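Observations on the three-dimensional arrangement
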Amino acid sequence: GDTTRQRIKFSDDRVCKSHLLNCCPHDVLSGTRMDLGECLKVHDLALRADYEIASKDQDFFFELDAMDHLQSFIADCDRRTEVAKKRLAETQEEISAEVAAKAERVHELNEEIGKLLAKVEQLGADGNVEESQKVMDEVEKARVKKREAEEVYRNSMPASSFQQQKLRVCEVCSAYLGLHDNDRRLADHFGGKLHLGFIEIREKLEELRRIVADKQEKRNQERLKRREEGEREEREKLRRSRSHSKHTKRSRSRDHRRHRSRSASRERKRRTRSKSREKRHRHRSRSNSRSRSRSHHRSRHSSRERSRERSSKKR
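Parameters and conventions
- Residues numbered from 1 in each chain as written.
- Predicted model: local features only at pLDDT ≥ 70, side-chain atom pairs only at ≥ 80, totals over all residues.
- Heavy atoms only, no water.
- Core = buried A, V, L, I, M, F, W, Y, C linked by side-chain atoms within 4.5 Å.
- Buried < 20%, exposed > 50% of the residue type's maximum accessible area, 1.4 Å probe, protein only.
- Domains from an automatic or database assignment.
- Contact = heavy atoms within 4.5 Å.
- 1 Å grid on protein atoms, 1.4 Å probe; cavity = no way out; pocket = protein on both sides within 12 Å on 5 of 7 lines; lining within 4 Å.
- Points joined across faces, edges and corners; volume = space filled by probe spheres on them.
- Helix = DSSP H or I, 4+ residues; strand = E, 2+ residues; numbered from the N terminus.
- Nonpolar A, V, L, I, M, F, W, Y, C, P; charged D, E, K, R; others polar.

Attention now moves to the nonpolar core. The tendency in soluble globular proteins is for nonpolar side chains to be buried as a group. If you look at the biggest cluster of nonpolar residues, it comprises 31 residues, and the most contacted ones within it are Leu20, Leu29, Phe198, Ile201 and Leu208. Lining this core are residues from two domains, each supplying at least three of them: domain 1 (8–91) and domain 2 (95–192). Beyond its immediate stretch of four places on either side in the chain, Leu29 contacts Met34, Asp35, Leu36, Phe73, Leu194, Gly197, Phe198 and Ile201. Grouped together as the second largest cluster of nonpolar side chains are 9 residues, Ile113, Leu123, Ala142 and Ala187 included.

Quick look at empty space enclosed by the protein now. Over the atoms, a rolling probe the size of a water molecule traces out where space has been left empty. As enumerated under the stated definition, the model contains 1 cavity of 30 Å³ or more in all. Taken together, His107, Asn110, Glu111, Arg168, Leu177, Gly178 and Leu186 make up the full set of residues lining the largest cavity. Among the elements that make up the lining of the largest cavity, the one with the highest residue count is helix α6 (residues 97–126) (3 residues). Taken together, the residues of the lining of the largest cavity sort by class into 2 nonpolar, 3 polar and 2 charged.

A few words now on the layout of surface pockets. In this structure, the second largest pocket encloses a volume near 180 Å³. In this structure, the second largest pocket is lined by Asp13, Val15, Cys16, Lys17, Ser18, His26, Cys39, Leu40, Lys41, Asp65, Ala66 and His69. Taken together, the elements giving at least two residues each to the lining of the second largest pocket come down to α2 (17–20) and α5 (63–91). When residues in the lining of the second largest pocket are grouped by element, the largest group, 3 residues, is from α5.

Written as structure tokens, this is what we have:
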């Protein structure tokens, strides 16, 4: 009967992308001392199932949104850790660097014992008895080292100062750890849901960073490949246009040469015709002049004859 589920899709901005990738801190830290309450965005397992099915055919790149979400959360956690460290530095008495190093050694052994005990409980729950016994042997060795480190630390400080509880901030979950915490307390902390939840969140953040970096590199390569293909196509078009222009120029020059040859042939023909006309004209003029001279000569001769006849008649 939920109408919201029917009208919303996993790609909606109101849906928590970290929930779709199963890494939302609100889900991981639920029920712990740092329970964040309900997430402001929509959490729905059905939408996660829809996303898992759709992501097989299409890359929605939701890892970037989830990475930003986890980075913001871890950055806040790291700031709280730094603030807690400064508060401890202000409240606890100052000790020398040598004594601080010895106390740090005790803290390191405490963490090692706590992690090993948490591992023993997990192996025991899985039924791996032999491996659990081997880890317990390592725990005993670490306890011996811890007693030795505590003895060294106790001898370097006055008894009144040693009785004070020395605290340390966990780098993973920003919780306080005591220098004199017993093994049960350490095992509960390092095997608890809060500490393991922060480990899960930090590991998921590193995984998302690798995935986003790989996808961005892949996209950059594809973008570079498309750019190279586009440049190759542009060069091909330019080469074709140049070849076409060369062909056009050649055809134009060929047509121009043909036109020039035709014009030259026409000019030669015209000149030949004009020469022939001139020759004919000269020939005609010569013929006309000859005929005129002949007619003139004839006229003169006839006039002479007539004059002679007149003279003879008169005589």
